[in-house]
Amino acid sequence: MKTVLITEPNKIAIAEAPMPVVKEGEALLKIRYCGICGADVASYTGNQPFTTYPRIPGHEFSAEIVEIPENDKGLKPGDIVTANPYFNCQHCYSCERGFVNCCTDNQTMGVQRDGSFAEYVAMPVERIYPGKGLSAQQLALIEPFSISYHAVSRATVKPTDKVLVVGAGPIGLFAVIAAKLKGAQVYSADILDGRLQMAKEYGADGVINTKTQDLAEETKRITNGNGFDVCIEACGLSETFLSCIDCAAYAANIILIGNGKKETTFLHSILLKKELNVFGSRNSYAKDFTDLIDIVASGKVDVMKMVSGIYPMDRADEAFKALAHNDGSLAKLLVEVSK
């Protein structure tokens, strides 16, 4: 079979690999579409500390079932599905308590193990979710949506809340959608007007361009000087985390989705003074996937507006290069692995 292989930082090849060996309890899947995550781009550029090379990237995908054992999910060959790409050890303290999303030995496809940029993968049946009539393109967007949906679920977001999402890349945009699904009043902050326009299209009640507007002043204006009830950090930058602390109301919730790569220095007494709740968020649960498949199938959210382009598999290197040099005009890129 063909695979997209990162041979070393900044080098991608279309390489041959053996067909996967299907073990007991697994299905053989024919990959249809893969999304390119920020983690995949980091692996491509050499900025993902957990990636070793050579590596097949990818963990956002849809697939067609080729072979599958009898199962209680009603899954059968020909079904279009998606799957949970975070493999947990099942025996660490986190797993024992049910927090499988933050297993201490987590292995995410495309990072710690080979991923979905291949014509075929073997996948445990328990990790496969029925597509419920969604297209293969839509299903490839469920995993990134689940990251933000899970993050928003970390704190109780109420219809009376004013929510600030800092960062309007795909994960930030999905966070806007997830918070709107909770009925909250949601504001998006970013430095790029194109991304903020997308936030508006996805229902943001207001946007703040932090390059041309003062975030602190806008926060005062929007919240009558009180601060936001929930601040969601979706950039992974020290300065945006500090902005969330500043913009948060007393007794507010801060949710961290962005994966920071630099240390952040601040006087921690501000957390005490404001009695802030700070939530980290990692990966997602099976329920996040199944909830979102139902939500997208209901027509409440048009995830396809997030897609900026679709590339054939033999041009995957162009897609990775485009995102590595993204000026902010691109959201999600999909790669068509098979028809």
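To be clear, the structure that these remarks concern was listed above.
Report follows, based on the coordinates.

Thresholds, definitions, all that
- Each chain has its residues counted from 1, following the order in which its sequence is written.
- Residue-level local features of this predicted model are given only where pLDDT is at least 70; pairs of side-chain atoms are given and counted only at 80 or more, and the full residue set underlies all totals for whole chains, interfaces and linings.
- Side-chain measures here rest on the full set of heavy atoms in the structure, leaving out hydrogens and waters.
- Note on ring pairs: Phe, Tyr and Trp rings are taken, using the six-membered ring of Trp, and paired if centres are within 6.5 Å. Classes follow the plane angle, with under 30 degrees stacked, over 60 edge-to-face and the rest tilted.
- We call a charge positioned over a ring when the NZ of a Lys or the CZ of an Arg lies within 6 Å of the ring centre and within 35 degrees of the ring normal.
- Classification of residues uses two cut-offs on accessible area relative to the type maximum, computed with a 1.4 Å probe and protein chains only: under 20% is buried, over 50% is exposed, and between them is partly exposed.
- Helix numbering and strand numbering both begin at the N terminus, where a helix is a DSSP run of H or I of at least 4 residues and a strand a DSSP run of E of at least 2.
- Only strands joined by at least two bridges in the DSSP assignment are considered to pair.
- Whether a crossover is right-handed comes down to one check: with the strands pointing away from the viewer, does the path from the first strand over the helix to the second run clockwise; if it does, it is right-handed.
- We call a set of buried Ala, Val, Leu, Ile, Met, Phe, Trp, Tyr and Cys residues a nonpolar core when their side-chain atoms join them within 4.5 Å.
- Here, two residues are considered to be in contact whenever any of their heavy atoms come within 4.5 Å of each other.

### Quick word on the packing of aromatic side chains
So, point 1. In total, this model carries seven aromatic pairs according to the counting rule given.
So, point 2. An aromatic cluster of at least three residues, connected via ring pairs, comprises Tyr-44, Phe-117 and Phe-320.
So, point 3. Its end group placed over the ring of Tyr-93, Arg-97 keeps NZ or CZ at 3.8 Å from the ring centre.

### Digging into the pairing of strand E11 (residues 185–190)
Two faces, one strand: in a regular strand the side chains alternate between the faces of the sheet.
So, point 1. Summarising burial for E11: five of the six residues are buried, a large majority.
So, point 2. Note: strand E10 (residues 162–166) against E11, five bridges, orientation parallel. Paired with Val-163 across the two strands is Val-186, which belongs to E11.
So, point 3. The parallel pair E10 and E11 is bridged by helix H5 (residues 170–181), and the resulting crossover is right-handed.
So, point 4. One ladder, built from four bridges, connects E11 with strand E12 (residues 206–209); its direction is parallel. Counted as the bridge partner of Tyr-187 is Gly-206 from E12.

### Some details on the nonpolar core
So, point 1. Core analysis: the largest hydrophobic core is formed by 47 residues, its most contacted members being Ile-142, Phe-145, Val-163, Ile-232 and Met-306.
So, point 2. Looking at this core, the elements with two or more residues in it are helix H3 (136–139), helix H4 (142–153), E10, H5, helix H6 (193–201), strand E13 (228–233) and helix H10 (286–297).
So, point 3. Counting residues per element, this core draws most heavily on H5, at seven residues.
So, point 4. If sequence neighbours within four positions are ignored, Val-163 has contacts with Val-157, Ala-179, Ala-184, Gln-185, Val-186, Tyr-187, Phe-228, Val-230 and Ile-232.
So, point 5. The next biggest cluster of nonpolar side chains, apart from the first, holds 36 residues, and it includes Ala-83, Met-109, Val-335 and Val-337.

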